[in-house]
Amino acid sequence: MPFPLSTLIGSRRRLVAAILLFLALDLTVLLTNLWIARHVAGDAVAINLAGRQRMLSQRMTKALLLRAQAADPVAQAIAEDEFRNAHAIFMRTLDAFAGGGQTTGSDGRPVVLDPVSDRGAAAVASTQALLAPLPASLADEQQAGLQRAADYLVEHNVEILTLMNTLTTALERDSVRRTEQLRLIQSGAFLLALANFVLIVVGLNRRFREAEEESARWQALARLDPLTGLSNRKGFFEAAARQLARAKRGQEPGSLILLDLDGFKPVNDRLGHPVGDAVLVRFAERLRLTARQSDEVARIGGDEFVLLCPGLVDAHAIDDLCRRIVEAMAELTPDELAPKQLGVSIGVASFFDHGYDIDTLIAQADHAMYEAKRGGGDRWHRP
Ligand SMILES: Nc1nc2c(ncn2[C@@H]2O[C@H](COP(=O)(O)OP(=O)(O)OP(=O)(O)O)[C@@H](O)[C@H]2O)c(=O)[nH]1
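Residues numbered from 1 in each chain as written. Predicted model: local features only at pLDDT ≥ 70, side-chain atom pairs only at ≥ 80, totals over all residues. Heavy atoms only, no water.

### Quick look at the UniProt feature "transmembrane region" (unreviewed entry) in the protein
Piece 1. Per the UniProt record, the feature "transmembrane region" (unreviewed entry) sits at residues 15–36 and 184–204.
Piece 2. The span residues 184–204 shows a helical share of 100% and a strand share of 0%, and its end C-alpha atoms are spaced 30 Å apart. (UniProt positions renumbered as here; feature names shortened; annotations may be inferred. Helix = DSSP H or I, 4+ residues; strand = E, 2+ residues; numbered from the N terminus.)

### Overview of the site of the ligand
Piece 1. Taken together, 17 residues surround the ligand, and among them Asp260, Leu261, Lys265, Asp277 and Arg299 come closest.
Piece 2. Here Asn268 contributes a side-chain N or O atom positioned 2.8 Å from a nitrogen atom of the ligand.
Piece 3. When the ligand is considered free in solution it has 660 Å² of accessible area, and contact with the protein chains removes 65% of it.
Piece 4. Split into classes, the residues belonging to the shell around the ligand amount to 5 nonpolar, 5 polar and 7 charged. (Near = heavy atom within 4 Å. Polar contact = N/O pair within 3.5 Å; in protein donor to acceptor, adjacent residues only side chain to side chain. Areas by Shrake-Rupley, 256 points an atom, 1.4 Å probe, with all protein chains shown as cover. Nonpolar A, V, L, I, M, F, W, Y, C, P; charged D, E, K, R; others polar.)

### Focus: the pairing of strand 3 (residues 254–262)
Piece 1. Of all 9 residues in strand 3, 9 are buried, a share of seventy percent or more.
Piece 2. The alternating pattern of strand 3 places Gly254, Leu256, Leu258, Asp260 and Asp262 and Ser255, Ile257, Leu259 and Leu261 on opposite faces, both of which are buried.
Piece 3. Pairing of strand 3 with strand 5 (residues 304–310) involves 7 bridges; the strand directions are antiparallel. Within strand 5, the position partnered with Ile257 by the bridge is Leu307.
Piece 4. Sheet topology places strand 3 next to strand 6 (residues 343–350); 8 bridges connect them, and they run antiparallel. The partner of Leu261 across the bridge, within strand 6, is Val344. (Buried < 20%, exposed > 50% of the residue type's maximum accessible area, 1.4 Å probe, protein only. Pairing = 2+ DSSP bridges.)

### A few points about the pattern of salt bridges
Piece 1. For the structure shown, the criterion picks out 19 salt bridges.
Piece 2. Between Arg84 and Asp81 there is a salt bridge whose closest N-O contact spans 2.4 Å. Of this pair, Arg84 and Asp81 both sit in helix 2 (residues 73–99), separated by 3 residues, roughly a single helical turn.
Piece 3. The residue Glu214 makes a salt bridge to Arg217 at a minimum N-O spacing of 2.5 Å. One end of the pair, Glu214, and the other, Arg217, are both in helix 4 (residues 143–221), 3 residues apart, so they sit about a helical turn from each other.
Piece 4. For Arg217, a relative accessible area of 49% gives the class partly exposed.
Piece 5. One salt-bridge network, in which partners are shared between bridges, spans Arg223, Lys234 and Glu238. (Salt bridge = Lys/Arg side-chain N within 4 Å of Asp/Glu carboxyl O.)

### What to know about the packing of helix 6 (residues 264–271) against helix 7 (residues 273–290)
Packed helix pairs are specified by the crossing angle of their axes together with the interaxial distance, meaning the distance between the axes.
Piece 1. Remark: helix 6 packs on helix 7, axes separated minimally by 6 Å, with the N-to-C direction vectors making an angle of 140°. On the basis of the axis angle, helix 6 is oblique to helix 7. For the pair helix 6 and helix 7, contact is made by Phe264, Val267, Asn268 and Leu271 and by His273, Val275, Gly276, Val279 and Leu280, respectively.
Piece 2. Of the residues assigned to the contact of helix 6 with helix 7, the class counts are 6 nonpolar, 3 polar and no charged. (Axes fitted to C-alpha atoms, helices over the stretch in contact; angles between N-to-C directions. Parallel < 35°, antiparallel > 145°, perpendicular 65-115°, else oblique. Contact = heavy atoms within 4.5 Å.)

### A short note on the sheet that holds strand 6
Piece 1. Read from one edge of the open sheet, 5 strands run 4-5-3-6-7, paired in mixed fashion. On the outer flanks of this sheet lie strand 4 (296–299) and strand 7 (380–381), each paired with one strand and no other.
Piece 2. Of the pairings in the sheet, the one linking strand 4 to strand 5 comprises 4 bridges and is antiparallel in character. Within strand 5, the residue paired with Val297 across the bridge is Leu307.
Piece 3. Across the sheet, helix 7 touches strand 3, strand 4, strand 5 and strand 6, and the angle it forms with strand 5 is around 5°.
Piece 4. Taken strand by strand, helix 8 (residues 315–332) contacts strand 3, strand 5, strand 6 and strand 7, and its axis lies near 160° from that of strand 6.

In structure tokens form, the structure reads like this:
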């Protein structure tokens, strides 16, 4: 047997919980997306700055060599300036990579970096250690000191470039790994939200179906007589209109039989309403049993019943049916009453002779029924 999914959202409270969960999961997906976008942008800046470190280290070496060789004071000043700038940005960026913090971006604006970890952190620490012996400014350096610094930088140039490459690669790997982790969380939240959404749809569908069934039940009840379970006046008129329209299309004959109990009021008055109710209920049962399955049987008033019998036209068949109804009523007479004290008057109208309009047929049958009453009751009359 398939798992009944709808039982998971059986109650209104569970349905509301599922909707709230769906919203929370959806919000998680949204926030993760924003988080990923922010990190991807931040990682791109960091990778770009790690690449800039290589260029700065080249600029420092070049400026140092120029300063060591230049004789012209102007050229010396330019080289010193170039070295100081490149060195300051290089070291500030290394510090920002090491412990997290602010440095200058490629466009000159401040940029905040997150501290790097593992291999990246090791590369940063090694570079800081390598550059520690270098002066931050060349202004106060003697020629011998300048030459030593230039030789040192040239000697370690490749090493510094390699370390900065390592930093770039580590940053790229970190970025890919973090993005993958976030995507995993995002996918999980998305799948949960999707499953939740399916549950919500199933739950809503179930509630909708229940509401429809409930409404159909009420509509059916509105067409039933609560005492006897037969159709009431509304139910009978709707069903009869459908049956008569069908009969009219095929020009089929049939009969409408109206029944009104005789002497029913004294039953209530003498024996009480519950006994009267029991008589009505048992008479309704007998009517239903006596009529055909295809006949429409209804209670349209206090002690007034009606039968719509498509195909019933033969006079003998009509008489037979009416006789059985009269006999049934006689059998139902409570013992406390004298025989013949309770009876039924029956009027018959034919919907071949009198047309197919329900009101006309009822009026004709009513007329016939009063003929039966005028004749003393407990009998039937057909024109
Ligand atoms: N017990 C019971 N009585 C009902 C119900 N509905 C209507 N009645 C009663 O049925 C009676 C019908 O009155 P009448 O039409 O005068 O009945 P009757 O004594 O058979 O008189 P005729 O029809 O003229 O032969 C009234 O006393 C109503 O109060 C019901 O659901 N249960």
